[in-house]
Amino acid sequence: MVVSLAALASRQKSYCSQEEAAGAAVMESSSLHLARRMAALEPSATLAMAARAGAMKAAGLDVVDLSVGEPDFPTPEHICRAAEEAIRAGFTKYTPAAGIPALRKAVAEDYTRRTGLAVTPAQVVVSNGAKHALHNVFTAVLDEGDEVVVPAPFWVSYAELVKLAGGRPVLIETSIEDNFKLRPEALRAALTPRTRMLLVCSPSNPTGVVYRPDELAALADVALEADLAVVADEIYDQLVFDGRTSPSFPTLRPGLESRTVVVAGVSKTYSMTGWRIGWTIAPEPLSKAIGNLQSQETSNPSSIGQHAAVAALTGPQECVTAMRDAFQKRRDLVAGRLRSMPGVRLPDIGGAFYAFFDISPALERSRSAGFGSSLQWCAGLLERQQVALVAGSAFGAEGHVRMSFAASDDDLNRGLDRIAAFLADPAASRT
Ligand code: PMP
Ligand code: GLU
């Protein structure tokens, strides 16, 4: 089923603060009025919730923040050291816009080593995080009105970035019974003469679901038949649990390499969210275009961050395994406890660090108390129990909420205790 974007936008609007709304009104009356493209732009719900939880913490409240998705571990020591050495060695100036040769080479070699697919450094463009890499691809590839198929639940920024580039996100609902996986027949049914691109994210943010290779291959067949471009967001590709594999999309069928852009980065794998280094791996002519775009828009990503990322990719990889194992243990803790809560349902979490769970029976019960939508429920949970989650409506899946389990066991247990208390009695407050 295709989800209405207008309905989604009106639900997300409530993430705007009153100050933002007042600011927008002032802008409307001046010659600095906002461009039409801004009217449709929603703020990032994940970052908005994290900011709200942060402000409450700063005011002295005991908030358990399970909203934003970022590893809670420090960036590994050898990576930090490489950054310090880069500063001292004078790598503090502009670099080539598409990234330093050493990093483009390290990305290409790391990808080839892990996937078996030969790619060259010229196919890699290093950007200011994977979010910027996605923005680059959409801007470089989409024409006005081109449709991009996005399976819902989807990560909050996809629809907005597509719209900013002039494209039209076509959101396809998936069901928890299918583990929130897009089926090839649903993809086929959504195709129109304007369909230009398919976006796939596995392991998925927000659901943590990992597609099996045959499931991805079935989507690849449709992409090949319908001549679609594919953006494969593989930023969580190394955070997979239970010995699963998460194959890179272009490896699934011959002919995919020339139509797929892989997006990834160091943010999640190496706990480097603040360093802002991500990349695209694309056919060479598109890479060149993305590099040109970036040279006009942002120039190079941070020179120091790039040197740190070289150390991340070429240095010891035990830190990746250790963090992945810790996330798997937390997945066990969180999934086990959530499944024991009456009325809560969640899919099979195979990777990343999110639990995306269905609370629709609880929403029904607490409608009269004013907590009938996922957004109201999350606001109530934050106010009464001081736990920050993100409403499912922001991800195109009302009736659900997302919890990040990139937090300590202690925080997870405290958060889960409070979630259980709120599910049992939304009227009760901790204080
Ligand atoms: N894609 C997905 C699925 C994500 O969860 C994130 C998290 N921010 C990004 C892209 C962007 O990553 P980065 O922080 O490197 O911009
Ligand atoms: N991707 C993370 C999340 O979903 C970080 C926040 C963001 O970039 O939106 O929480």
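Residues numbered from 1 in each chain as written. Chains lettered and ligands numbered in written order. Predicted model: local features only at pLDDT ≥ 70, side-chain atom pairs only at ≥ 80, totals over all residues. Heavy atoms only, no water.

Colleague: Run through the pairing of strand 6 (residues 195-201), naming residues and quoting values.
Modeller: Counting buried positions along strand 6 yields six of seven residues, so the element is predominantly enclosed. Taken together, the three bridges between strand 4 (residues 147-152) and strand 6 define a ladder with parallel strand orientation. What sits directly across from Val-148, in strand 6, is Met-197. Summarising the sheet, strand 6 and strand 7 (residues 229-233) pair through five bridges and their orientation is parallel. Pairing of Val-200 across the sheet is with Ala-232, part of strand 7. For the segment spanning strand 6, helix 10 (residues 213-225) and strand 7, crossover handedness is right-handed. (Buried < 20%, exposed > 50% of the residue type's maximum accessible area, 1.4 Å probe, protein only. Helix = DSSP H or I, 4+ residues; strand = E, 2+ residues; numbered from the N terminus. Pairing = 2+ DSSP bridges. Right-handed = clockwise from strand over helix to strand, strands pointing away.)

Colleague: Outline the pattern of salt bridges, listing residues and values.
Modeller: Inspection of the entire model under this criterion finds 30 salt bridges. Across the pair Glu-160 and Lys-163 runs a salt bridge whose closest N-O atoms are separated by 3.2 Å. Of the two residues, Glu-160 and Lys-163 are both situated in helix 8 (residues 157-164); the distance of three residues between them amounts to about one turn of the helix. The class of Glu-160 is buried, set by a relative accessible area of 8%. On the accessibility criterion, Lys-163 (22% relative accessible area) is partly exposed. Between Asp-411 and Arg-414 there is a salt bridge whose closest N-O contact spans 2.9 Å. Separated by three residues within a single helix, Asp-411 and Arg-414 lie in helix 16 (residues 409-424), roughly one turn from each other. A relative accessible area of 26% means that Asp-411 is categorised as partly exposed. Among the ionic contacts, a cluster of salt bridges with common partners joins Asp-62, Asp-411, Arg-414, Arg-418 and Arg-430. (Salt bridge = Lys/Arg side-chain N within 4 Å of Asp/Glu carboxyl O.)

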